[in-house]
2 protein chains.
Amino acid sequence: MSINPDPEPATAPSKPDLPDDPLALDNHLCFAVYSTSHAFSRLYRQQLARLGLTYPQYLVMLVLWETAPLPIKTIGERLMLDSGTLTPLLKRMEATGLINRERGSQDERQVLVTPTAAGLDLRAKAVGLPPSIACASGLDLDTLRAMAAKLTILRSNLLDEVNRE
Amino acid sequence: MSINPDPEPATAPSKPDLPDDPLALDNHLCFAVYSTSHAFSRLYRQQLARLGLTYPQYLVMLVLWETAPLPIKTIGERLMLDSGTLTPLLKRMEATGLINRERGSQDERQVLVTPTAAGLDLRAKAVGLPPSIACASGLDLDTLRAMAAKLTILRSNLLDEVNRE
DNA sequence: CACAAAATGATTGTGCACAATTTAAATTGC
DNA sequence: GCAATTTAAATTGTGCACAATCATTTTGTG
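So, a few notes on the structure that sits alongside this text. All values derive from a computational prediction rather than experimental measurement.

So, the overall build of chain A
- Per the secondary structure count, chain A includes seven helices and three strands.
- Mapped from its N terminus to its C terminus, chain A presents α and β elements in the order α-α-β-α-α-β-β-α-α-α.
- Out of the 165 residues belonging to chain A, those deemed buried represent 46%.
- On chain A, roughly 8,100 Å² of surface is accessible, and the fraction owed to carbon and sulfur atoms is 53%.

Some thoughts on the relation of the copies chain A and chain B
- When chain A is fitted to chain B, the best match, at an RMSD of 0.0 Å, comes from turning it 180° and sliding it 0.0 Å along the axis. These values place the two chain copies in the arrangement generated by a two-fold rotation axis. Closest to the rotation axis within chain A is the C-alpha of V33 of chain A, separated from it by 3.1 Å.

Some remarks on the sheet that holds strand β1 (residues 70-71) of chain B
Residue and element names in this part refer to chain B.
- Ordered by their spatial adjacency, three strands build an open sheet running β1-β3-β2, and the pairing between neighbours is antiparallel. Edge positions in the sheet fall to β1 and β2 (99-103), since each of these pairs with one other strand and no more.
- Judged from the two bridges that link them, β1 and strand β3 (residues 111-115) form a sheet pairing that is antiparallel. In the strand pairing of β3, P71 is matched with L112.

Side note on the side chain of D21 of chain B
- When you line up the elements, D21 of chain B lands in the segment before α1 (29-48).
- Polar side-chain contacts of D21 of chain B include one of 2.8 Å to the backbone nitrogen of L23 of chain B.
- Excluding anything up to four places from it in sequence, D21 of chain B contacts R123 of chain A together with N27 of chain B.

Notes on the interface of chain A and chain B
- On the side of chain B, 71 residues touch chain A, which itself brings 71 residues to the contact.
- Across the interface of chain A and chain B, roughly 6,700 Å² is buried in total on both sides, 70% from carbon and sulfur atoms.
- At the boundary of chain A and chain B, one finds four salt bridges.
- The salt bridge partner of R78 of chain A is D26 of chain B, with a shortest N-O separation of 3.4 Å.
- Summed over the shared surface of chain A and chain B, the result is 18 residue pairs in polar contact (both at pLDDT 80 or more).
- At the level of secondary structure, the elements contributing two or more residues to the side of chain A that touches chain B comprise α1 (29-48), α2 (55-66), α3 (72-79), α5 (117-126), α6 (129-137) and α7 (141-163) of chain A.
- Looking at which element gives the most residues to the side of chain A that touches chain B, the answer is α7 of chain A, with 17 residues.
- Here the side of chain A that touches chain B is composed, by residue class, of 46 nonpolar, 13 polar and 12 charged.

What to know about the protein's contact with DNA strand D
- In the vicinity of DNA strand D lie 30 residues, with T54 of chain A together with Y34, K73, T87 and K91 of chain B positioned nearest.
- The sugar-phosphate share of atoms of DNA strand D within 4 Å of the protein amounts to 78%.
- Between T54 of chain A and DNA strand D, the recorded distance is 2.7 Å, taken from a side-chain N or O atom to a phosphate oxygen.
- Of the residues assigned to the surface near DNA strand D, the class counts are eight nonpolar, 10 polar and 12 charged.

Re helix α4 (residues 83-95) of chain B
All names here are of chain B.
- In this model, α4 (13 residues) spans 18 Å end to end at C-alpha, consistent with the 18 Å of a helix rising 1.5 Å per residue.
- Every buried residue of α4 is accounted for by L86, L89, L90 and M93. Along the axis of α4, the buried positions cluster into a sector of 100°, meaning they face one direction only. Looking at α4, the residues exposed on the side facing more than 90 degrees away from the buried face are G84 and A95.
- Taken together, the buried residues of α4 touch α2 (55-66), α3 (72-79), β2 and β3.
- For α4, the N-terminal capping position is held by D82, with its side-chain oxygen 3.1 Å away from the main-chain nitrogen of G84.
- Backbone geometry just downstream of α4 places G97 in the positive-phi region, at approximately 80°.

What to know about the pattern of salt bridges
- In total, this model carries 16 salt bridges over all chains according to the counting rule given.
- Ionic pairing is found between E66 of chain A and R78 of chain A, a salt bridge with its closest N-O pair at 2.9 Å. Here E66 of chain A is found in helix α2, whereas its partner R78 of chain A is found in helix α3, with 12 residues between them in sequence.
- With a relative accessible area of 23%, R78 of chain A lands in the partly exposed category.
- With its nearest N and O atoms 3.2 Å apart, the salt bridge here joins E161 of chain A to R164 of chain A.
- Among the residues examined, E161 of chain A registers a relative accessible area of 23% and is labelled partly exposed.
- On the basis of relative accessible area, R164 of chain A is assigned to the exposed category, the value being 57%.
- Residues participating in the shared-partner salt-bridge network are D26 of chain A together with E66 and R78 of chain B.

Notes on the packing of aromatic side chains
- One pass over the full model with this rule turns up 12 aromatic pairs over all chains.
- Ring geometry for F40 of chain A versus Y44 of chain A: centroids 6.5 Å apart, planes at 40°, classification tilted. Note that F40 of chain A and Y44 of chain A are positioned in helix α1 at a spacing of four residues, about one turn of the helix. Accessibility classification places F40 of chain A together with Y44 of chain A in one group, the buried group.
- Considering the side-chain rings of Y44 of chain B and Y55 of chain B, the 5.0 Å spacing of their centres and the 40° angle between planes classify their relative orientation as tilted. With Y44 of chain B in helix α1 and Y55 of chain B in helix α2, the pair connects residues that are 11 residues apart, well separated along the chain.
- The exposure class of Y44 of chain B is buried, given its relative accessible area of 0%.
- Cluster of aromatic residues (ring-pair linked, three or more members): F31 and Y34 of chain A together with F40, Y44, Y55 and Y58 of chain B.

Rules behind the numbers
Residues numbered from 1 in each chain as written. Chains lettered and ligands numbered in written order. Predicted model: local features only at pLDDT ≥ 70, side-chain atom pairs only at ≥ 80, totals over all residues. Heavy atoms only, no water. Helix = DSSP H or I, 4+ residues; strand = E, 2+ residues; numbered from the N terminus. Buried < 20%, exposed > 50% of the residue type's maximum accessible area, 1.4 Å probe, protein only. Areas by Shrake-Rupley, 256 points an atom, 1.4 Å probe, with all protein chains shown as cover. Least-squares fit on C-alpha atoms with pLDDT ≥ 70 in both. Pairing = 2+ DSSP bridges. Polar contact = N/O pair within 3.5 Å; in protein donor to acceptor, adjacent residues only side chain to side chain. Contact = heavy atoms within 4.5 Å. Buried area = accessible area lost by both parts, 1.4 Å probe. Salt bridge = Lys/Arg side-chain N within 4 Å of Asp/Glu carboxyl O. Nonpolar A, V, L, I, M, F, W, Y, C, P; charged D, E, K, R; others polar. Near = heavy atom within 4 Å. Expected span 1.5 Å × (residues − 1). Arc of directions from axis to C-beta. Phe/Tyr/Trp six-rings, centres within 6.5 Å; stacked < 30°, edge-to-face > 60°.

Right under this line is the structure:
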């Protein structure tokens, strides 16, 4: 980590006792990502309330609006979530009438997830969200695009390391 | 959102049916942040296992290694977490012997959190982590610093919007 | 064909996050 | 001086995340 924007002023640091401490919270990129993720989640919670969706449920709908039906496995690969997360989440979405779940006919192991008519209708109410959030971000589209691209590279590198054990 | 790096190639888009769909998952910066946060969490889970810490517990220790004792309120402001998250988390940390919790003497509402000797000793085992994670990120320090700075601005803008209702 | 290995989800258990409410203590306003 | 308000934590309830494990089905190989 060690993300300290100050080039060691040596005279008037904001934290005199920790001029360039790698263990300082503010030097942790992971915390910037973690806390920004929570900030997104809170803003989406407000915006998604009227759609009756949580943020992870919104992500599932994004995937299903692109392609459907899909097995849970594919949804999990797309969102990087496992069955321990998705099985109960999808059961809640089925209970609220947004999706249907049924075993695949040619492969009985799979559970195919399909949006209901209500789930498809929700898309029209969701189209206003991305522009609204982009506006709230206060950053221009080029900056947002550049951040997403760098984060995707970072994520890929981190996951490579995780899988290297 | 609308984070599409392609300037509308019109001829060979990677997703022919969704050339520049604002509702496409890959156009959501929030998902890049969300999934990168999970990737960090998984890598830290591996690295922190030998310290007996979860990632949020590690963040609490970072705060306490900077300043202690601290009331729960201050820890929550620093990490942007509320008492509903911190109270049980700190109780678990007390149970594992990393911190002590005691009511403040001058203000009986407060619970002051202090690292134990074991909690302070853990710092020596944690110093290797930030460089290890920075290496795993595969990005140079300037890039990491720049990302953290932009995320901090983004987070601030998002939270302003949340509090504007 | 048989049968071991792999793939797909479901289940179980732990630990965050957070909204909403409650309790108790401190502060304020009159 | 004391009721009304504010503040700090705790509690309650819901919903992710994820490791570990299990059951079922499919597939690969002799």
